[in-house]
Amino acid sequence: MLKTEQNIVYMVQEFDRKLRSITIASCAPAPLWLLSPNISFYYPDNMISSSICEIDQVIKHIETGQIDIGILPFEYQKDDLCTTHFFTEHLSVCIPFGHSLCSYDKLTFHDLNGYNRLLWDQLDFWTDLCKRKMPASKFLIQTDESEFLELVKSSTLFCFSTNYASYPDEILNDRKRIPIVDDCANVEYWVVWKKGNTYRF
């Protein structure tokens, strides 16, 4: 087969693949936990691929057409884009019982600044937010989920949870979950896609 013919075949295959696939990029993991199963349900014949990206990458990829659906922690409006509110995620800190902060029923990032904590990798937006709001804190970031959970269970370092992030029942037995009340710790997620496309969520 001539190189030109190979290129044509590749272009046709790539076009067919794009017709049968839906790509999603999110600034955080929880929106993907909710959106990906819905998309798979409504579009069972499509291949669904998803990724977690920095906010500016999500915006760039949706504007250039590299992805079909983007998820952002704020409403993003442009003439050629559609956007709709998705859901709200609330951040909490999980503190070992016996710690002085356990006497509180709500906390702020200011209250937590300076305390060291565990973070699981792949949180992206949340990781950036926590580092920015608690510059005096040190973060032990774990890339392996099982190792992260073992450290949560066995260490006294603070960790985070949300209303959409669940741990195995026994992991948080020795911790109190306390809501963080800063506005930025209560995130409104928005779904964004190009006008001309229609998606069911």
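Use the structure listed above.
Just so we're clear, the structure is a prediction, and the values are computed from it rather than from any experiment.

This part covers the overall build of the protein chain. Assigned secondary structure in the protein chain consists of six helices and nine strands. Summarising its shape, the C-alpha atoms of the protein chain cover approximately 70 × 35 × 30 Å along the three principal directions. Residue burial in the protein chain is summarised as follows: out of 201 residues, 39% are buried. Taking the intrachain contacts of the protein chain between residues at least 6 apart in sequence as the baseline, contacts between residues at least 24 apart amount to 70%. Of the roughly 11500 Å² of accessible surface on the protein chain, 51% is carried by carbon and sulfur atoms. Each charge sign in the protein chain was given a centre, from 19 positive and 27 negative side chains, and these centres are 3 Å apart.

A volume near 360 Å³ is recorded for the largest pocket. If you go around the largest pocket, you meet 21 residues; those closest to its centre are Trp33, Trp120, Leu123, Ala165 and Tyr167. Where the lining of the largest pocket is concerned, the elements lending two or more residues are helix H2 (29-42), strand E4 (81-96), strand E5 (117-120), helix H5 (125-133), helix H6 (145-154) and strand E7 (159-162). It is E7 that contributes the most residues to the lining of the largest pocket, four residues altogether. In terms of residue class, the lining of the largest pocket is made up of 16 nonpolar, three polar and two charged.

It is worth spelling out the nonpolar core at this point. In terms of nonpolar packing, the biggest core is built from 38 residues, with Val93, Ile95, Leu112, Trp126 and Tyr189 touching the most fellow members. At the level of elements, strand E1 (21-26), H2, strand E3 (69-72), E4, helix H4 (109-112), H5 and strand E9 (186-194) are the ones that each hand at least two residues to this core. Counting ten residues, the second-largest nonpolar core is a separate cluster that includes Ile62, Ile67, Tyr76 and Val192.

Given two aromatic rings, their pairing is described by the distance between the two centres and the angle made by the two planes. Summed over all chains, the structure comprises nine aromatic pairs. Seen from their ring centres, Phe87 and Tyr164 are 4.6 Å apart, and the 65 degrees between their planes marks the pair as edge-to-face. Of this pair, Phe87 sits in strand E4 while Tyr164 sits in the loop between E7 and strand E8 (175-179); the two residues are 77 residues apart in sequence, bridging distant segments of the chain. The exposure class of Phe87 is buried, given its relative accessible area of 7%.

Below, the discussion takes up the pattern of salt bridges. Applying the stated criterion across every chain, the model contains three salt bridges. The residue Glu63 makes a salt bridge to Lys78 at a minimum N-O spacing of 3.3 Å. Of this pair, Glu63 sits in helix H3 (residues 55-64) while Lys78 is found in the loop between E3 and E4, placing the two residues 15 residues apart along the sequence. Among the ionic pairs, Asp80 bridges to Lys194, the shortest N-O distance being 2.8 Å. Here the residue Asp80 occupies a position in the loop between E3 and E4, and Lys194 occupies one in strand E9, the gap between them amounting to 114 residues. Assessed through its relative accessible area of 21%, Lys194 is described here as partly exposed.

Parameters at a glance
Residues numbered from 1 in each chain as written. Predicted model: local features only at pLDDT ≥ 70, side-chain atom pairs only at ≥ 80, totals over all residues. Heavy atoms only, no water. Helix = DSSP H or I, 4+ residues; strand = E, 2+ residues; numbered from the N terminus. Buried < 20%, exposed > 50% of the residue type's maximum accessible area, 1.4 Å probe, protein only. Contact = heavy atoms within 4.5 Å. Areas by Shrake-Rupley, 256 points an atom, 1.4 Å probe, with all protein chains shown as cover. Lys, Arg positive; Asp, Glu negative; His and termini not counted. Charge placed at Lys NZ, Arg CZ, Asp CG, Glu CD. 1 Å grid on protein atoms, 1.4 Å probe; cavity = no way out; pocket = protein on both sides within 12 Å on 5 of 7 lines; lining within 4 Å. Points joined across faces, edges and corners; volume = space filled by probe spheres on them. Nonpolar A, V, L, I, M, F, W, Y, C, P; charged D, E, K, R; others polar. Core = buried A, V, L, I, M, F, W, Y, C linked by side-chain atoms within 4.5 Å. Phe/Tyr/Trp six-rings, centres within 6.5 Å; stacked < 30°, edge-to-face > 60°. Salt bridge = Lys/Arg side-chain N within 4 Å of Asp/Glu carboxyl O.

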